[in-house]
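Residues per chain are reported as follows:
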Amino acid sequence: MTIRINLCFSSNPSSLRTLSVDGHFSFDEVHHAAKDFGNRFQLLPLAVLYPKSVSDIATTIRHIWQMGPNSELTVAARGHSHSLQGQAQAHQGVVINMESLQGPKMHVYTGNNPYVDASGGELWIDILRECLEYGLAPKSWTDYLHLTVGGTLSNAGVSGQAFRHGPQISNVHQMEVVTGKGEVLNCSEKQNSDLFHSVLGGLGQFGIITRARISLEPAPDMVKWIRVLYSDFTTFAADQERLIGAESTFDYIEGFVIINRTGLLNNWRSSFNPQDPVQASQFHSDGRTLYCLELAKYFNRDRADALNEVSAWSPIFWFSLSKLLRKP
Ligand SMILES: Cc1cc2nc3c(=O)[nH]c(=O)nc-3n(C[C@H](O)[C@H](O)[C@H](O)COP(=O)(O)OP(=O)(O)OC[C@H]3O[C@@H](n4cnc5c(N)ncnc54)[C@H](O)[C@@H]3O)c2cc1C
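All of these numbers come straight from a predicted model, not from anything done at the bench.

Focus: the overall build of the protein
Link 1 in the chain: Scanning the protein for helices and strands turns up 11 helices and 13 strands.
Link 2 in the chain: Looking at the 328 residues of the protein, the share that counts as buried comes to 48%.
Link 3 in the chain: Considering only residue pairs separated by 6 or more positions, the protein has 68% of its internal contacts joining residues 24 or more positions apart.
Link 4 in the chain: Counting every atom, the protein has about 17,300 Å² of accessible surface; 51% of that belongs to carbon and sulfur.

Written out as structure tokens, the structure is:
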């Protein structure tokens, strides 16, 4: 009899209200959780959980698991909601607002193989700030840093360091994950490795990342940053391949496509040689598809000669630029 009552009680979504959590549930103010960066899908959840602890997440998921297969209540972790297609939304389900998770506190470990332990709801920009206090930085980044650890590790996390270090998911030593049954498990290459490999790049379908151990490297003192525009895709792709394959090359190499509809060239002039404003002003690109290589070379004050290694590539830039500067 008791069991039947419990089952009936717990299969009712409103039973979430009875859960004892350190944070809180919101059942009324849920509209913001039905939006993301893409602004294309609006899936209204039943409730939003603002967890303070990992146990809040585990308690909630365990409760939903115990509702059994007849329950249609879905769960989605929400990082910084920069998804484009509603991936962090849960129609009439529970959205877990990962940024409110307080802990585990971020901790940087120095030494020969430095790493940082960070919460799944931590923003990469805050990780970078903390690591820089120790002269360290993550090996692999995203271009845009106002994204969460859990959000990008559920995708891949790609930027200009990926050609050397792989995407962010290749630079994680271990994670703490809340599984679909509400268990809290540690996982790594060696421990619960199926879970580890499923969760990384798993689009939030295999568990919720509550902590990740992220590989670090010494942060450079200075960086030389260069952008090169191309009008010809073949030249652009060949240069990119050449730079990626070269032994002594840049530390950051990323290529992308631009459709110049907005006079954005004004923002790009800083990429040209400041001694060459005349050539830059001859640049006609309105309405054209352009290709851009974004490159950076790291160096420390005591190795300023590394700048000369960059200069060795200048023939590529000037060749490309000279092609570009020809009017279409
Ligand atoms: C302006 C902008 C710039 C971007 N720049 C880059 C870039 O440079 N490089 C790049 O690789 N990508 C980039 N992206 C894409 C971005 O990495 C992904 O959209 C990423 O998922 C967003 O992170 P988020 O914290 O906003 O996650 P959300 O959008 O909130 O969530 C994304 C997915 O991860 C799941 N999830 C969130 N947190 C967790 C967690 N703790 N555990 C398990 N699953 C979780 C969600 O349920 C959802 O499925 C960019 C997107 C935008 C809008």
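Overview of the pairing of strand β4 (residues 94-97)
Link 1 in the chain: Along β4, one buried face is formed by Val94 and Ile96 and the opposite face, lined by Val95 and Asn97, is buried too.
Link 2 in the chain: Where strand β3 (residues 75-78) and β4 come together, 4 bridges link them in parallel fashion. Residue alanine 76 lies in a different strand from β4, and its bridge partner there is valine 95.

Structural notes on the sheet that holds β3
Link 1 in the chain: Read across the sheet, 4 strands follow the order β1-β2-β4-β3 without closing on themselves; strand pairing throughout is mixed. The outermost strands of the open sheet, each flanked by one partner alone, are β1 (24-26) and β3. Between one strand and the next, the sheet's axes are offset by a mean angle of 25°, whatever the strand orientation.

Let's talk about helix α2 (residues 54-66)
Link 1 in the chain: Over its 13 residues, α2 runs 18 Å from end to end, which matches the ideal 18 Å to within 8%, given 1.5 Å per residue.
Link 2 in the chain: By the burial criterion, the buried members of α2 are Val54, Asp56, Ile57, Ala58, Thr60, Ile61, His63 and Ile64.
Link 3 in the chain: In the segment just after α2, glycine 68 is the residue with positive phi, at about 90°.

What about the pattern of salt bridges?
Link 1 in the chain: In this structure the tally under the stated criterion is 5 salt bridges.
Link 2 in the chain: Across the salt bridge formed by aspartate 117 and arginine 213, the nearest N and O atoms sit 2.9 Å from each other. Remark: arginine 213 occurs in strand β10 (residues 208-218) and aspartate 117 occurs in strand β6 (residues 115-119); sequence separation between them is 96 residues.
Link 3 in the chain: Two residues, glutamate 294 and arginine 227, come together in a salt bridge whose shortest N-O distance is 3.1 Å. Of this pair, glutamate 294 sits in strand β13 (residues 289-299) while arginine 227 sits in strand β11 (residues 222-230), placing them 67 residues apart in sequence.
Link 4 in the chain: Salt bridges sharing common partners tie together Asp117, Arg211 and Arg213.

Points about the layout of surface pockets
Link 1 in the chain: Put simply, the largest pocket is a space of about 980 Å³.
Link 2 in the chain: Lining of the largest pocket is provided by 39 residues; of these, Ala77, Gln87, Ser154, Leu203 and Gly204 occupy positions nearest its centre.
Link 3 in the chain: Within the residue set of the lining of the largest pocket, elements represented by two or more residues are α2, β3, α4 (149-153) and β10.
Link 4 in the chain: Among the elements that take part in the lining of the largest pocket, β3 stands out by supplying 4 residues, more than any other.
Link 5 in the chain: Classifying every residue of the lining of the largest pocket by side-chain character gives 16 nonpolar, 22 polar and 1 charged.

So, the site of the ligand
Link 1 in the chain: Neighbouring residues of the ligand: 28 residues in total, closest Ala77, Gly79, Ser83, Thr148 and Asn155.
Link 2 in the chain: Serine 83 has a polar side-chain atom sitting 2.6 Å from an oxygen atom of the ligand.
Link 3 in the chain: Within the contact set of the ligand, an oxygen atom lies 2.7 Å away from a side-chain nitrogen or oxygen of asparagine 155.
Link 4 in the chain: The cavity where the ligand resides is the largest pocket.
Link 5 in the chain: Listed by contribution, the elements that provide at least two residues to the shell around the ligand are β3, α4 and β10.
Link 6 in the chain: Looking at the shell around the ligand, the element that brings in the most residues is α4, giving 3 residues.
Link 7 in the chain: Taken together, the residues of the shell around the ligand sort by class into 10 nonpolar, 16 polar and 2 charged.
Link 8 in the chain: A domain-level breakdown of the shell around the ligand finds at least three residues from each of domain 1 (2-100) and domain 2 (107-218).

Reading the values: the criteria
- Residues numbered from 1 in each chain as written.
- Predicted model: local features only at pLDDT ≥ 70, side-chain atom pairs only at ≥ 80, totals over all residues.
- Heavy atoms only, no water.
- Helix = DSSP H or I, 4+ residues; strand = E, 2+ residues; numbered from the N terminus.
- Buried < 20%, exposed > 50% of the residue type's maximum accessible area, 1.4 Å probe, protein only.
- Contact = heavy atoms within 4.5 Å.
- Areas by Shrake-Rupley, 256 points an atom, 1.4 Å probe, with all protein chains shown as cover.
- Pairing = 2+ DSSP bridges.
- Axes fitted to C-alpha atoms, helices over the stretch in contact; angles between N-to-C directions.
- Expected span 1.5 Å × (residues − 1).
- Salt bridge = Lys/Arg side-chain N within 4 Å of Asp/Glu carboxyl O.
- 1 Å grid on protein atoms, 1.4 Å probe; cavity = no way out; pocket = protein on both sides within 12 Å on 5 of 7 lines; lining within 4 Å.
- Points joined across faces, edges and corners; volume = space filled by probe spheres on them.
- Nonpolar A, V, L, I, M, F, W, Y, C, P; charged D, E, K, R; others polar.
- Near = heavy atom within 4 Å.
- Polar contact = N/O pair within 3.5 Å; in protein donor to acceptor, adjacent residues only side chain to side chain.
- Sits in = over half its atoms within 2 Å of the grid points.
- Domains from an automatic or database assignment.

No statement about biological role is implied by the geometric values presented.
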